[in-house]
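Each chain is listed here by its residues.
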Amino acid sequence: MMSLIFNLGSQKQKRQYLRNHATDAERILWARLKGRQLLGCKFRRQHGIGVFIVDFYCPERKLAIKIDGATHGSEAEREYDRRREEYVELYRIHFLRFTNSDVYNNLDGVLTVIAGAVKRTGTTP
């Protein structure tokens with residue numbers, strides 16, 4: 001049943017578009033997450049969870065990560081973000097959110113928070 005919520009076929013083109021048009025902050029963080037660089041965990045980019053797409057997802061730790069850019073300042077965007085986070089957490093998936101500025105100005109801090117979440121969600125492989 002759970003597999004029916006991940007990477008819906010109807011989202012394939014949108015996920016591909018998002019991967020091919022990643023923001024600078026997403027590219028910077030992906031360079032540090034890909035290839036099991038963070039505690040040996042596999043992360044995926046632009047991963048669908050139900051009707052929503054998260055920037056990064058670690059299936060073995062059930063950890064979703066979203067990087068918020070400048071467009072997330074409006075009340076409507078904040079409400080959409082809140083609904084997405086609540087929806088994802090319904091599936092017992094831990095949700096982390098960072099801003100572009102966090103990635104640009106404190107990448108080591110972002111990686112430390114992600115590593116801490118990985119450690120809390122299970123033993124490293």
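Each remark here, short or long, concerns the structure printed above.
As the structure is a prediction and not an experimental result, all values here were calculated from the model. (Residues numbered from 1 in each chain as written. Predicted model: local features only at pLDDT ≥ 70, side-chain atom pairs only at ≥ 80, totals over all residues. Heavy atoms only, no water.)

### Overview of the side chain of D55
Phase 1 of the analysis: With respect to the helices, strands and loops of the structure, D55 is situated in strand β2 (residues 52–58).
Phase 2 of the analysis: Within the local environment of D55, its side chain forms a polar contact with the side chain of K66, the two groups lying 3.2 Å apart.
Phase 3 of the analysis: The contact partners of D55, leaving out residues within four places of it in the chain, are E26, R44, R45, Q46, I65, K66 and I67. (Helix = DSSP H or I, 4+ residues; strand = E, 2+ residues; numbered from the N terminus. Polar contact = N/O pair within 3.5 Å; in protein donor to acceptor, adjacent residues only side chain to side chain. Contact = heavy atoms within 4.5 Å.)

### A few points about the sheet that holds strand β3 (residues 63–68)
Strands in a sheet are paired, the pairing made by backbone hydrogen bonds, and the direction either parallel or antiparallel.
Phase 1 of the analysis: Here we have 4 strands laid out as an open sheet, ordered β1-β2-β3-β4, and mixed in their pairing. The outermost strands of the open sheet, each flanked by one partner alone, are β1 (44–49) and β4 (94–99). Each strand axis lies, on average, 45° off the axis of its neighbour in the sheet, ignoring direction.
Phase 2 of the analysis: In the sheet, β2 pairs with β3 via 3 bridges, with the strands oriented antiparallel. Pairing of Y57 across the sheet is with A64, part of β3.
Phase 3 of the analysis: Contacting β3 and β4, helix α5 (residues 107–120) runs over the sheet at an angle of about 180° to β4. (Pairing = 2+ DSSP bridges. Axes fitted to C-alpha atoms, helices over the stretch in contact; angles between N-to-C directions.)

### Details of the nonpolar core
Phase 1 of the analysis: Counting 22 residues, the largest nonpolar core has L29, L33, F43, L63, I65 and I114 as the members making the most contacts within it.
Phase 2 of the analysis: Of all the secondary structure elements, the ones that give two or more residues to this core are α2 (24–33), β2, β3, β4 and α5.
Phase 3 of the analysis: Top contributing element to this core by residue count: α5, with 7 residues.
Phase 4 of the analysis: In this structure I114 touches L29, L38, F43, L63, I65, L96 and F98, once residues within four positions along its chain are discounted.
Phase 5 of the analysis: Formed by 8 residues, the second largest nonpolar core is a distinct cluster that contains V54, V88, I93 and F95. (Core = buried A, V, L, I, M, F, W, Y, C linked by side-chain atoms within 4.5 Å. Buried < 20%, exposed > 50% of the residue type's maximum accessible area, 1.4 Å probe, protein only.)

### Quick notes on the side chain of D68
Phase 1 of the analysis: As for its placement among the helices and strands, D68 is situated in strand β3.
Phase 2 of the analysis: According to the relative accessible area criterion, D68 is buried, its value standing at 9%.
Phase 3 of the analysis: Residues within four places of D68 in sequence aside, it is in contact with D81, R97, F98, T99 and N100.

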